[in-house]
Amino acid sequence: MQLSVNLIIVGLTVLVSWRAFNDRSLLERLLLWPPAVQRRHQYDRLLTYGFVHADWTHLLFNMITLWSFGSAVEQVYSAWFSPLGYVLFYLSAIVVSILPTFIVQRNNPAYRSLGASGGVSAVLFAFILFDPWSKLIIFPLPIPIPAILFAVLYVGYSLWMDRRGGDNVNHSAHLWGAAYGVLLTLTLQPRVLGHFLQSLTG
């Protein structure tokens with residue numbers, strides 16, 4: 001039986017984050033600190049920040065979401081290309097989702113960012129393209145909601161909070177990750193748009 005690469009990504013992220021919880025120097029080396037990229041050319045931070053998290057709640061929320069929806073997206077990408085295609089999709093989403101933040105904060109020594117949310121958003125929104133009426137259970141809502149409704153609410157909330165600021169969450173990365181997940185999927189397989197529209201109206 002073929003081992004799920006999505007499960008490997010989840011396991012690796014949990015392992016690295018757990019190690020970083022107990023090793024401050026490791027955490028500081030892996031998280032996104034823009035001056036280290038800008039001045040020290042530590043470009044790997046644009047990827048490694050997605051494998052460390054602030055705490056167990058942050059980690060578990062991201063990994064449960066990735067585990068829940070990533071397996072379905074992995075199946076589609078593997079059918080189109082190979083399991084490596086899904087890995088490249090996820091890893092590139094982590095990088096792309098943080099680039100706007102890095103550009104804005106590149107000379108700010110006080111800024112730090114960490115967490116897989118940008119990559120997870122890309123996976124989640126690719127899944128929504130495939131099955132927009134699937135039901136999502138979103139804590140603390142008591143009932144499942146359609147994926148397409150969640151997408152609208154998620155984008156609206158993230159735009160509002162990104163403008164408002166002050167909650168120590170990188171909503172910009174969430175938005176760019178979601179956009180990347182949709183745009184890359186449609187670029188690679190334009191027929192997905194027809195499937196999405198037909199699913200919405202059918």
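Everything that follows concerns the structure shown earlier in this document.
This write-up is about the structure you can find in this document. It should be emphasised that the depicted structure is a prediction, and the values quoted were computed from it without experimental measurement. Residue indices begin from 1 for each chain and proceed along its sequence in written order. Residues qualify for local features only when their pLDDT is at least 70, as the model is predicted, and side-chain atom pairs are given and counted only at 80 or more; totals for whole chains, interfaces and linings, by contrast, use all residues. To get the side-chain values, take all heavy atoms of the structure and skip hydrogens and water.

Here we look at the layout of surface pockets
- When its volume is computed, the second largest pocket comes out at roughly 170 Å³.
- Cavity means a closed set of points on a 1 Å grid over the protein atoms alone, one where a 1.4 Å probe fits but cannot get out, pocket means an open set with protein on both sides within 12 Å along at least 5 of 7 lines, and lining means a residue has an atom within 4 Å of a point. Taken together, eleven residues line the second largest pocket, and the ones lying closest to its centre are Leu 3, Ser 4, Ser 71, Glu 74 and Gln 75.
- Secondary structure elements with two or more residues in the lining of the second largest pocket: helix H1 (5–21) and helix H5 (56–80).
- A run of DSSP states H or I qualifies as a helix once it reaches four residues; a run of E qualifies as a strand once it reaches two. Both are numbered from the N-terminal end. Per-element tally for the lining of the second largest pocket: the top contributor is H5, with five residues.
- Residue type decides the class: Asp, Glu, Lys and Arg count as charged, Ala, Val, Leu, Ile, Met, Phe, Trp, Tyr, Cys and Pro as nonpolar, and the leftover types, Gly among them, as polar. Here the lining of the second largest pocket is composed, by residue class, of four nonpolar, six polar and one charged. Grid points are joined across faces, edges and corners, and a volume is the space filled by probe spheres set on the points.

Some details on the packing of H5 against helix H6 (residues 83–105)
- Note on method: axes are straight lines fitted to C-alpha atoms, helices fitted across the in-contact stretch only, with angles between N-to-C directions ranging 0 to 180 degrees. Between H5 and H6, the least distance of the axes is 8 Å, while the angle of their chain directions is 130°. Looking at the two axes, H5 sits oblique to H6. Our pair here, H5 against H6, has a crossing hand that is right-handed. Residues Leu 66, Gly 70, Val 73, Glu 74, Tyr 77 and Ser 78 of H5 lie in contact with H6, whose contacting residues are Pro 83, Gly 85, Tyr 86, Phe 89 and Tyr 90. Roughly parallel here means an angle under 35 degrees, roughly antiparallel means over 145, roughly perpendicular means 65 to 115, and every remaining angle is called oblique. In this scheme the crossing of two helices becomes right-handed for a clockwise turn of the near helix relative to the far one and left-handed for an anticlockwise turn of less than a right angle. By definition in these notes, contact holds between two residues if any of their heavy atoms fall within 4.5 Å.

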